[in-house]
Amino acid sequence: MASLTQRTASHFFAYVSRLRWIKRWGLMRNAIEENVATHSWEVATIAHALALIRNRHFDGQVNADRIAAAALYHDATEVITGDMPTPVKYHSKVMREAFGDIEHKAEVELLALLPADLRDDFSPYVRESRLAEQEKELIKAADRLSAWLKCRAEIRAGNPEFVPAEAQIRARLDADGLPEVRYFLEVFAPGYDQPLDNLLE
């Protein structure tokens, strides 16, 4: 076993930690600032919950811990690319394909920052293409739920800028029809609209 003095330093986590400085929703006026690190934590907790709900109530057999870990890294490439606003990212097929290629290259760049003997271990979490379809589905659903909750918070703060986005995201969540998302919306989402004192009752 090599001693610590023989190991090469890695900047992977120092770099990824800078996600806290990347602001989301860059084209919109925000009453409540949100950064990518905070968003990633919320997506991870929601994705973990969705996986457990699927397993408990809807005959699922997904690995909730693996999904939570992958969700933590789901936007890690944005430390290289920045947060691309959705209207720009999905403006056209050309834009989607171009940005998809950039994201793929950013995944490779991030993994290259790790010690060589850890790259295969991190690859399933950093590279979205390595995830199973059910895993991607639940992480995407959690990502949408997080975005919808952000829109709701902005509207409660008196910011009408987020009204169209809230309606569009909710329509997409409903159209996707995932039963664990319906469960989350019925059981957990109402609490987000409550003041702190009500949450302690």
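All values reported here derive from a predicted model rather than from experimental measurement.

How each quantity is defined
- Residues numbered from 1 in each chain as written.
- Predicted model: local features only at pLDDT ≥ 70, side-chain atom pairs only at ≥ 80, totals over all residues.
- Heavy atoms only, no water.
- Helix = DSSP H or I, 4+ residues; strand = E, 2+ residues; numbered from the N terminus.
- Rg over C-alpha atoms; globule rule 2.2 N^0.38 Å.
- Buried < 20%, exposed > 50% of the residue type's maximum accessible area, 1.4 Å probe, protein only.
- Contact = heavy atoms within 4.5 Å.
- Areas by Shrake-Rupley, 256 points an atom, 1.4 Å probe, with all protein chains shown as cover.
- 1 Å grid on protein atoms, 1.4 Å probe; cavity = no way out; pocket = protein on both sides within 12 Å on 5 of 7 lines; lining within 4 Å.
- Points joined across faces, edges and corners; volume = space filled by probe spheres on them.
- Nonpolar A, V, L, I, M, F, W, Y, C, P; charged D, E, K, R; others polar.
- Phe/Tyr/Trp six-rings, centres within 6.5 Å; stacked < 30°, edge-to-face > 60°.
- Axes fitted to C-alpha atoms, helices over the stretch in contact; angles between N-to-C directions.
- Parallel < 35°, antiparallel > 145°, perpendicular 65-115°, else oblique.
- Left-handed = near helix turned anticlockwise from the far one by under 90°.

> Explain the overall build of the chain to me, using residue names and the numbers behind them.
Looking only at helices and strands, the chain features 11 helices and 0 strands. Element order for the chain, N to C, with α for helix and β for strand: α-α-α-α-α-α-α-α-α-α-α. For the chain, the C-alpha radius of gyration of 18 Å lies close to 17 Å, the compact-globule estimate for 201 residues. Counting over 201 residues, the chain shows a buried share of 39%. Residue pairs in contact within the chain that sit at least 24 positions apart in sequence constitute 68% of those at least 6 positions apart. Accessible surface, the chain: about 12,100 Å² in total, of which carbon and sulfur atoms supply 54%.

> Can you break down the layout of surface pockets residue by residue, with the values?
The probe, sized like a water molecule, is rolled over the atoms to show the empty space still left. Counted as a void, the second largest pocket has a volume near 190 Å³. Lining the second largest pocket are I32, E33, E34, E42, S146, L149, K150, A153, R156 and Y192. The leading source of residues in the lining of the second largest pocket is helix α8 (residues 133–156), at 5 residues. For the lining of the second largest pocket, the per-class residue count stands at 4 nonpolar, 1 polar and 5 charged.

> Residue-level account of the packing of aromatic side chains, with values.
All chains considered together, the criterion is met by 8 aromatic pairs. Centroid distance F184 to F188: 5.3 Å. Interplanar angle 45°. Geometry classified as tilted. Given a relative accessible area of 40%, F188 falls into the partly exposed group. Aromatic rings pair up to connect F12, F13, Y73 and F122 into one cluster.

> Outline the packing of helix α2 (residues 36–57) against helix α10 (residues 179–187), supporting the account with residue identities and numerical values.
At a closest axis distance of 9 Å, the pairing of α2 and α10 adopts a crossing angle of 115°. Relative to α10, the element α2 is oriented roughly perpendicular. In terms of crossing hand, the pair formed by α2 and α10 is right-handed. The residues of α10 that touch α2, namely those facing I46, L50, I53, R54 and H57, are E180, V181, Y183 and F184. Residues belonging to the contact of α2 with α10 are distributed by class as follows: 6 nonpolar, 1 polar and 2 charged.

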